[in-house]
Amino acid sequence: MKNVKDFDKKDAIFKAMLELISKHGFHSSPMSEVAKQADVAAGTIYHYFKSKDELICALYIKLKQKHIESLFKSDDATKPFKDRFRGFYLQMINEAIKNPKEFYFLEQFANSPFLSTIPKAELSQLDMPIYDFLRKAVFTQVLRDIPPKILVAFVIGSATSIIKLQLSGEFQMTSSDLELAFFTCWDGIKKA
């Protein structure tokens, strides 16, 4: 069993890596800087991770799990699916706006060669709650019968575009704008 200090050190390493990547990108974030920023010895990092690549992949998995959990933290299966989907969709946007470094890291990772280093089965497992959530609504005929990959790409792509627009500063979303974004997405996937 790991003690609290181990958890704190590992968490400090993750935070330092995220900070450095957000400023300098994957390749300009040396382990020596991660150690310095995390206030740990360089050897400590290698106690937890064999390489920088392993650390980056572990950070992705940690942040992806956190992100997925946040999407469903307020889900209430007793509510109509439209209300549940609204909560899911708006939470996706709000969480990213509150945590832009995490959002940009996840985006950057997903569009990098690092993604191919994680086994497909593990990646599928990470996204399974989203697929299950939407698949059940298709099965109960609340949503259109759209292939799962397209449905997820449409929903996530829609939210991601809104997030990027907000984070860019080009357009400041009001609550009315967010509701409009939700209804636009909902109208595209609901069963007529």
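Residues numbered from 1 in each chain as written. Predicted model: local features only at pLDDT ≥ 70, side-chain atom pairs only at ≥ 80, totals over all residues. Heavy atoms only, no water.

Trainee: What exactly am I supposed to notice about the overall build of the chain here?
Mentor: For the chain, the count of helices and strands is 9 helices and 0 strands. Across the chain, helices and strands are ordered from the amino to the carboxyl terminus as α-α-α-α-α-α-α-α-α. Overall size of the chain, expressed as C-alpha extent along the three principal axes, is 60 × 40 × 30 Å. Counting all 192 residues of the chain, 41% fall into the buried class. Contacts in the chain between residues far apart in sequence, at least 24 positions, make up 71% of those at least 6 positions apart. In the chain, 27 positive and 23 negative side-chain charges are present, and the distance between their average locations comes to 2 Å. (Helix = DSSP H or I, 4+ residues; strand = E, 2+ residues; numbered from the N terminus. Buried < 20%, exposed > 50% of the residue type's maximum accessible area, 1.4 Å probe, protein only. Contact = heavy atoms within 4.5 Å. Lys, Arg positive; Asp, Glu negative; His and termini not counted. Charge placed at Lys NZ, Arg CZ, Asp CG, Glu CD.)

Trainee: How should the packing of helix 4 (residues 52-72) against helix 5 (residues 81-98) be read in this particular structure?
Mentor: Packed helices, taken two at a time, are described by their axes: the angle between them and the distance between them. With their axes 8 Å apart at the nearest point, helix 4 and helix 5 run at an angle of 135° to one another. The angle between the axes of helix 4 and helix 5 places the two elements in the oblique class. Crossing angle aside, the handedness with which helix 4 passes helix 5 is right-handed. Seen from helix 4, the contacting residues are Lys66, His67, Ser70, Leu71 and Phe72; seen from helix 5, they are Phe88, Gln91, Met92 and Glu95. In terms of residue class, the contact of helix 4 with helix 5 is made up of 4 nonpolar, 3 polar and 2 charged. (Axes fitted to C-alpha atoms, helices over the stretch in contact; angles between N-to-C directions. Parallel < 35°, antiparallel > 145°, perpendicular 65-115°, else oblique. Left-handed = near helix turned anticlockwise from the far one by under 90°. Nonpolar A, V, L, I, M, F, W, Y, C, P; charged D, E, K, R; others polar.)

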